[in-house]
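Descriptive structure summary
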Amino acid sequence: MANAKYYVFKEADGWKVRYDGKDYPYGSNTDAVLAAVKAANSAASQGHAAEVLVQGFDGKWRTEWAGE
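Residues numbered from 1 in each chain as written. Predicted model: local features only at pLDDT ≥ 70, side-chain atom pairs only at ≥ 80, totals over all residues. Heavy atoms only, no water.

Topic: the sheet that holds strand β5 (residues 61–67)
Strand pairing in a sheet takes place through backbone hydrogen bonds and is either antiparallel or parallel in direction. Read from one edge of the open sheet, five strands run β3-β2-β1-β4-β5, paired in mixed fashion. Edge positions in the sheet fall to β3 (22–26) and β5, since each of these pairs with one other strand and no more. Each neighbouring strand pair of the sheet contributes to a mean axis angle of 25 degrees, computed without reference to strand direction. The pairing of strand β2 (residues 14–19) with β3 spans five bridges and is antiparallel. Its bridge partner being in β3, Trp15 is matched across the sheet by Tyr26. (Pairing = 2+ DSSP bridges. Helix = DSSP H or I, 4+ residues; strand = E, 2+ residues; numbered from the N terminus. Axes fitted to C-alpha atoms, helices over the stretch in contact; angles between N-to-C directions.)

Laid out in structure tokens, this is it:
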């Protein structure tokens, strides 16, 4: 099965989750990460490998959550 990747990053005055080429806006990092983890967990419960990656202030990506 395909790996579902959810990217959380800061843009302008808010946070976004990017999944499947679409951006979803959130007002805070916490809200964005929680939404991404919830979506990734749902994908994992359906048998997909899923991962939430968060971009740090240094520009590097780190895995916040992973499941299968």
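Now that the structure is up, let's keep going.
Focus on the environment of Asp23
Looking at the secondary structure, you find Asp23 in strand β3. Taking the C-alpha atoms as reference points, Asp23 and Ala49, separated by 26 residues in sequence, lie 20 Å from one another. Among residues more than four places away in sequence, those in contact with Asp23 are Phe9, Lys16, Val17 and Arg18. Here the side chain of Asp23 touches Arg18 through a polar contact of 2.6 Å, side chain to side chain. (Contact = heavy atoms within 4.5 Å. Polar contact = N/O pair within 3.5 Å; in protein donor to acceptor, adjacent residues only side chain to side chain.)

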